[in-house]
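Structural characterization, general
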Amino acid sequence: MPILSTTDLNVSRLCLGGNVFGWTADEDQSFAVLDAYAAAGGNFIDTADVYSAWAEGNSGGESETIIGKWLAKRSDRDQIVVATKVGMLAGFNNQKRDTILTSAERSLKRLGVDHIDLYYNHLDDPNTPLEETLAAYDQLVKDGKVRYVAASNFSAERLAQALEIQEREGFAKFVALQPEYNLVSRDKFEGDVQDVVARNGLATVPYFGLARGFLTGKYRPGVEVRSPRAGAASKHLDEHGLQVLEVLDDLAETHQTTVAAVALAWLAQQPTVVAPIASARTLEQLSDLTPLLDFELTQAEVDRLSAI
Ligand SMILES: NC(=O)c1ccc[n+]([C@@H]2O[C@H](COP(=O)([O-])OP(=O)(O)OC[C@H]3O[C@@H](n4cnc5c(N)ncnc54)[C@H](OP(=O)(O)O)[C@@H]3O)[C@@H](O)[C@H]2O)c1
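Below is a summary of the structure that appears in this document. Here the structure is a predicted model, which means the values were calculated and not measured.

Describing the side chain of Glu 62
In this fold, Glu 62 is placed in helix α2 (residues 62–72). Among buried Asp, Glu, Lys and Arg side chains, Glu 62 stands out as unpaired, with Arg 110 the closest opposite charge at 7.8 Å. Setting aside residues no more than four positions away along its own chain, Glu 62 makes contact with Phe 21, Gly 22, Tyr 51, Ser 52 and Ala 53.

Pasting the structure below:
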């Protein structure tokens with residue numbers, strides 16, 4: 001299993017996205033997906049306090065609560081790497097000291113654990129001094145409530161600035177970045193952001209690894225997909241997207257694997273990437289993703305996909 005940058009966290013090559021739990025997957029379905037993921041060798045679960053506040057009847061925290069109930073049924077909490085985030089839930093959507101400290105307590109309670117393995121600053125907050133934000137994360141690490149801290153959705157400039165402050169003040173440093181990154185959405189990460197990540201030895205844990213389902217190959221011309229993600233996912237169905245699907249189809253056939261596993265393998269094999277995040281709401285969907293756990297493309301195949 002790869003090690004997450006400078007940490008002692010051993011994580012599986014597929015990180016399981018948790019925003020489906022309590023949204024498109026009810027509690028029983030979520031337990032089934034989590035059980036199957038762990039049985040296949042997965043141990044890295046991604047959630048956030050805000051998941052999934054946007055679903056009807058929800059107010060946030062539903063995903064953490066389900067994961068907490070699932071963990072409570074198991075005896076291997078120490079083998080599971082639990083990542084959660086703060087900063088996007090209504091009423092807690094900033095990076096002020098009090099928000100971070102209070103939200104961490106609420107997440108610990110919902111997850112039913114005494115520490116969070118990886119705690120993300122979900123969204124950069126330009127209205128709070130970085131010094132205040134980073135001191136709060138450092139406090140959580142010193143108090144043993146969080147093992148490692150990480151950033152999500154940061155620009156290259158702000159990430160570099162945050163890392164400089166952490167170094168200067170002797171604060172716990174970000175060990176990872178969680179950006180949007182996949183085969184059909186590369187601009188936001190490749191280049192400046194990736195350079196800062198690489199220069200500072202951070203790990204990349206990209207989200208939307210499947211471009212909201214597009215990279216499973218289920219969005220095709222003339223096919224209607226029923227999913228709350230369909231509007232955004234089907235935007236990738238342009239000339240470039242079709243070219244990507246054509247090569248993914250070809251490589252999936254060559255390796256007798258799934259289109260999703262090939263797309264995720266390309267991502268897992270990009271510089272600095274340790275484990276792509278992808279979610280599944282059913283066992284059938286998950287079984288298309290878990291081949292990634294022990295599947296690699298050749299460098300020539302990676303280059304072929306990168307060149308599109
Ligand atoms: N840091 C951030 O700001 C941020 C933002 C977004 C997400 N995230 C994290 O990243 C995770 C992944 O994002 P995501 O779940 O939105 O997108 P994704 O992983 O790119 O797409 C997953 C979705 O694709 C569909 N899918 C998966 N496997 C499939 C299969 N085998 N066949 C057909 N469809 C399949 C399912 O949606 P349908 O069945 O509904 O089509 C599934 O929920 C989230 O759970 C969350 O943990 C982080």
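Focus: unusual backbone geometry
Cis geometry marks the peptide bond from Tyr 51 to Ser 52, where omega comes out at -5°. Of note, Ser 52 is situated in the loop between β2 (44–46) and α2. Of note in the backbone geometry, Phe 208 takes a positive phi value of approximately 55° without being a glycine. Structurally, Phe 208 is set in the loop between β7 (203–204) and α7 (230–233). For Gln 256, which is not glycine, the phi dihedral falls at a positive 50°. Following the sequence through the fold, Gln 256 ends up in the loop between α8 (239–255) and α9 (259–268).

Quick look at the nonpolar core
Ranked by internal contacts, the top residues of the largest apolar core, which has 105 residues, are Leu 4, Phe 44, Leu 159, Phe 174, Leu 215 and Leu 248. A total of 10 residues in this core trace back to one element, the largest contributor, which is α9. When neighbours within four sequence positions are excluded, Phe 174 is seen to be in contact with Asn 121, Leu 134, Val 149, Ala 150, Ala 151, Phe 154, Leu 159, Ala 162, Leu 163, Gln 166 and Leu 202. Grouped together as the second largest cluster of nonpolar side chains are five residues, Ala 48, Val 50, Tyr 51 and Phe 92 included.

With respect to the site of the ligand
Not every one of the 29 residues close to the ligand is listed here, only the nearest: Asp 46, Lys 218, Ser 227, Ser 279 and Arg 281. At 3.2 Å, a backbone N or O of Gly 18 approaches an oxygen atom of the ligand. Arg 281 places a side-chain nitrogen or oxygen 2.6 Å from an oxygen atom of the ligand. For the ligand, whose unbound accessible area comes to 900 Å², protein coverage reaches 94%. Broken down by secondary-structure element, the contributors of at least two residues to the shell around the ligand are β8 (277–278) and α10 (283–289). Looking at the shell around the ligand element by element, the count peaks at three residues for α10. Split into classes, the residues belonging to the shell around the ligand amount to nine nonpolar, 13 polar and seven charged.

Topic: helix α4 (residues 130–142)
In this model, α4 (13 residues) spans 18 Å end to end at C-alpha, consistent with the 18 Å of a helix rising 1.5 Å per residue. Buried within α4 are the following residues: Leu 130, Thr 133, Leu 134, Ala 136, Tyr 137, Asp 138 and Leu 140.

Regarding the pattern of salt bridges
Applying the stated criterion to the full structure yields 17 salt bridges. Note that Arg 147 is salt-bridged to Asp 8, the shortest N-O span being 2.9 Å. Of this pair, Arg 147 sits in strand β5 (residues 146–152) while Asp 8 is found in the segment before β1 (15–17), placing the two residues 139 residues apart along the sequence. With a relative accessible area of 32%, Arg 147 lands in the partly exposed category.

Here's the deal with the environment of Leu 4
The residue Leu 4 is located in the segment before β1 in this model. Leu 4 gets classed as buried once you look at its relative accessible area, which sits at 0%. Taking the C-alpha atoms as reference, Leu 4 lies 7.7 Å from Val 175; in sequence the two are 171 residues apart. Other than its neighbours up to four places away in sequence, Leu 4 contacts Leu 9, Val 11, Phe 44, Leu 118, Val 175, Ala 203, Val 205 and Val 274.

Scoring rules and cut-offs
- Residue positions within a chain follow its written sequence, with the count starting from 1.
- Given that the model is predicted, a residue must reach a pLDDT of at least 70 before its local features are reported, and side-chain atom pairs must reach 80 or more before they are shown or counted; all residues, however, enter totals for whole chains, interfaces and linings.
- Side-chain measures here rest on the full set of heavy atoms in the structure, leaving out hydrogens and waters.
- Every helix listed is a DSSP run of H or I at least four residues long, and every strand listed is a run of E at least two residues long, numbered separately from the N terminus.
- Buried, partly exposed and exposed residues are distinguished by accessible area as a fraction of the type maximum, computed with a 1.4 Å probe on protein chains only: under 20%, between the cut-offs, and over 50%, respectively.
- Under this rule, positive means Lys or Arg and negative means Asp or Glu; His and the chain ends count for nothing.
- In the sections that follow, a salt bridge refers to a side-chain nitrogen of Lys or Arg positioned within 4 Å of a carboxyl oxygen of Asp or Glu.
- We call two residues contacting when some pair of their heavy atoms lies within 4.5 Å.
- Here, nonpolar core means buried Ala, Val, Leu, Ile, Met, Phe, Trp, Tyr and Cys residues that are tied together by side-chain atoms lying within 4.5 Å of each other.
- If even one non-hydrogen atom of a residue comes within 4 Å of a molecule or strand, that residue is called near it.
- Polar contacts, as counted here, are pairs of nitrogen or oxygen atoms within 3.5 Å of one another; within protein the pair requires one atom able to donate a hydrogen and one able to accept it, and residues that are adjacent in sequence qualify only if both atoms are side-chain atoms.
- Per-residue accessibility takes into account occlusion by the displayed protein chains alone, with areas from the Shrake-Rupley method and a 1.4 Å probe.
- Residue type decides the class: Asp, Glu, Lys and Arg count as charged, Ala, Val, Leu, Ile, Met, Phe, Trp, Tyr, Cys and Pro as nonpolar, and the leftover types, Gly among them, as polar.
- Here the expected length of a helix is defined as 1.5 Å per residue gap, with one fewer gap than residues.

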